[in-house]
Amino acid sequence: PVRRRRSITFNEGVVVRKIKPVSALTKNPAKLWFQDDEMETIKRQIAKIVKEQQMYSETHDSEDSAVTKESQVSRRFCTRGLERMLDPEAVKVKRFHAWDSVLNEQYLQRQDGEFDDEALAAMYRLSTRRSSRDAVRRASEDAEEIESYLEST
């Protein structure tokens, strides 16, 4: 039998913020959301950017270049938020690596008749550390770009 921890803890530092309901923001709340035709236009533009990026990467790839695909493309297109579409295979590999790490740890725990959710969480954190660092790096770059923009306006 698997032994599970029988206690829970709560984060005491939770901050709750009140937000205005949509109905208080405008007389016509439907105008706050994208309409169907606007969403189709956005999807077409995204598909065009991804296709152009792929074509650009294929013609500008060089093995001796220290510049990553992402930064090569970012010079030409704004790709923020499209990272998972630009290199879906890399995203899939990272996802499977994280799953495998957690599932292997879970398997080993079951073999020993244990259950350690903290160890599972630690395994997941370890296997996704690079993604977290990449996200922090992109956020810092965005902050610098916004700061530069604000100084120039």
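On a predicted model such as this, the values are computed, not experimentally measured, just so you know. (Residues numbered from 1 in each chain as written. Predicted model: local features only at pLDDT ≥ 70, side-chain atom pairs only at ≥ 80, totals over all residues. Heavy atoms only, no water.)

1. So, the pattern of salt bridges
Thinking step 1. Taken as a whole and assessed by the stated rule, the structure comprises six salt bridges.
Thinking step 2. For Glu-52, the salt bridge goes to Lys-48, with nearest N and O atoms at 4.0 Å. In this pair, Glu-52 and Lys-48 both sit in helix H2 (residues 36-60), four residues apart, roughly one turn of the helix.
Thinking step 3. Judged by relative accessible area, which is 54%, Lys-48 ranks as exposed.
Thinking step 4. For Arg-80, the salt bridge goes to Glu-83, with nearest N and O atoms at 2.5 Å. (Salt bridge = Lys/Arg side-chain N within 4 Å of Asp/Glu carboxyl O. Helix = DSSP H or I, 4+ residues; strand = E, 2+ residues; numbered from the N terminus. Buried < 20%, exposed > 50% of the residue type's maximum accessible area, 1.4 Å probe, protein only.)

2. As for the packing of helix H5 (residues 88-111) against helix H6 (residues 117-127)
Thinking step 1. At a closest axis distance of 9 Å, the pairing of H5 and H6 adopts a crossing angle of 155 degrees. When the axes of H5 and H6 are compared, the pair comes out roughly antiparallel. Both H5 and H6 take part in a crossing whose hand is right-handed. Contacts from His-97, Ala-98, Ser-101, Val-102, Glu-105, Gln-106 and Gln-109 in H5 reach Ala-119, Leu-120, Met-123, Tyr-124 and Ser-127 in H6.
Thinking step 2. Looking at the contact of H5 with H6 residue by residue, the class counts come to six nonpolar, five polar and one charged. (Axes fitted to C-alpha atoms, helices over the stretch in contact; angles between N-to-C directions. Parallel < 35°, antiparallel > 145°, perpendicular 65-115°, else oblique. Left-handed = near helix turned anticlockwise from the far one by under 90°. Contact = heavy atoms within 4.5 Å. Nonpolar A, V, L, I, M, F, W, Y, C, P; charged D, E, K, R; others polar.)

3. What about H5?
Thinking step 1. With 24 residues, H5 ought to run about 34 Å at 1.5 Å a step, and its terminal C-alpha atoms sit 34 Å apart, in line with that.
Thinking step 2. Turning to H5, its buried residues number three or more, namely Ala-98, Ser-101, Val-102, Glu-105 and Gln-109.
Thinking step 3. Of the surrounding secondary structure, the elements contacted by the buried residues of H5 are H6. (Expected span 1.5 Å × (residues − 1).)

4. What about a positive patch on the surface?
Thinking step 1. A cluster of basic residues, Lys-94, Arg-129, Arg-130 and Arg-133, forms a positive patch on the protein surface.
Thinking step 2. No other element matches the three residues that helix H7 (residues 129-152) contributes to the positive patch.
Thinking step 3. Assignment of secondary structure puts Arg-133 in helix H7. (Patch = residues over 30% accessible without salt bridge, like charges linked within 9 Å, V, L, I, M, F, W, Y side chains within 5 Å. Areas by Shrake-Rupley, 256 points an atom, 1.4 Å probe, with all protein chains shown as cover. Lys, Arg positive; Asp, Glu negative; His and termini not counted. Charge placed at Lys NZ, Arg CZ, Asp CG, Glu CD.)

5. With respect to the side chain of Glu-105
Thinking step 1. For Glu-105, the location among the structural elements is in helix H5.
Thinking step 2. In this structure Glu-105 is buried but unpaired, with Arg-110 as the nearest side chain of opposite charge at 11 Å.

6. Some thoughts on the environment of Met-123
Thinking step 1. With respect to the helices and strands, the residue Met-123 is situated in helix H6.
Thinking step 2. On the basis of relative accessible area, Met-123 is assigned to the partly exposed category, the value being 26%.
Thinking step 3. Once the C-alpha coordinates of Met-123 and Ser-101 are considered, the two residues, 22 residues apart in sequence, prove to be 6.3 Å apart.

7. Topic: the environment of Trp-99
Thinking step 1. Locating Trp-99 in the fold gives a position in helix H5.
Thinking step 2. Here Trp-99 falls in the partly exposed class, since its relative accessible area comes to 45%.
Thinking step 3. In sequence terms Trp-99 and Tyr-124 are 25 residues apart; their C-alpha atoms lie 7.8 Å from each other.

8. Details of the environment of Glu-52
Thinking step 1. Since its relative accessible area comes to 26%, Glu-52 is described here as partly exposed.
Thinking step 2. Sequence-wise, Glu-52 and Phe-77 are 25 residues apart; in three dimensions their C-alpha atoms are separated by 8.8 Å.

9. Overview of a nonpolar patch on the surface
Thinking step 1. On the surface, Val-22, Leu-25, Leu-32 and Trp-33 cluster together into a nonpolar patch covering about 400 Å² of accessible area.
Thinking step 2. Structurally, the position occupied by Leu-32 is in the loop between helix H1 (22-25) and H2.

Everything listed here is a matter of geometry and, on its own, says nothing about what the molecule does.
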